[in-house]
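A look at the structure
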Amino acid sequence: MKYIVVFDTNILLSALFSQNGNPFRCLTLAKIGQIESVICQEILDEFVEKLLLKFNFSEEKTQAAIQEVKVFSRLVTISNTKSGYARLLFHFDQILFKQRFWRLGK
């Protein structure tokens, strides 16, 4: 059974800036097809905002990072939910994945 996971903005940023941590390892699992990554436009928008405004990425580098995430992630639409509720679900999914990831022995 392949796990379906949602990586939030913090995980995406951590993986981008460090190849030594669990976020990078988790994204690698998605890239090689061991898990399925799903993402929504709201997370992509927040990722773009952080890259441009907080980390001063160029538009070109930002778009390259977004394209890379889109290559290994399925874009989903969240409907009929409040933004905060959707964000809570993403964090809950992240916690569940971390627990499962550790049980698999990394």
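Figured I'd write up the structure that's included with this text. Predicted model, so just to flag it, every value in this text is computed and none were measured. (Residues numbered from 1 in each chain as written. Predicted model: local features only at pLDDT ≥ 70, side-chain atom pairs only at ≥ 80, totals over all residues. Heavy atoms only, no water.)

1. Re the environment of Glu49
- By the secondary structure assignment, Glu49 is in helix α3 (residues 41–54).
- On the accessibility criterion, Glu49 (43% relative accessible area) is partly exposed.
- Note: C-alpha distance between Glu49 and Thr62 (13 residues apart in sequence) is 9.2 Å. (Helix = DSSP H or I, 4+ residues; strand = E, 2+ residues; numbered from the N terminus. Buried < 20%, exposed > 50% of the residue type's maximum accessible area, 1.4 Å probe, protein only.)

2. Quick look at the pattern of salt bridges
- Tallied over the full model, the rule gives two salt bridges.
- Glu68 is paired through a salt bridge with Lys31; the nearest N and O atoms lie 2.5 Å apart. One end of the pair, Glu68, is in helix α4 (residues 59–72); the other, Lys31, is in helix α2 (residues 22–31), with 37 residues separating them in the sequence.
- With a closest N to O distance of 2.6 Å, Glu36 and Arg74 form a salt bridge. Of the two residues, Glu36 is situated in strand β2 (residues 36–40) and Arg74 in strand β3 (residues 73–76); the sequence distance between them amounts to 38 residues.
- In this structure Glu36 comes out as partly exposed when scored by relative accessible area, which is 26%.
- In this structure Arg74 comes out as partly exposed when scored by relative accessible area, which is 43%. (Salt bridge = Lys/Arg side-chain N within 4 Å of Asp/Glu carboxyl O.)

Take it as geometry only, folks, not as evidence of what the structure does.
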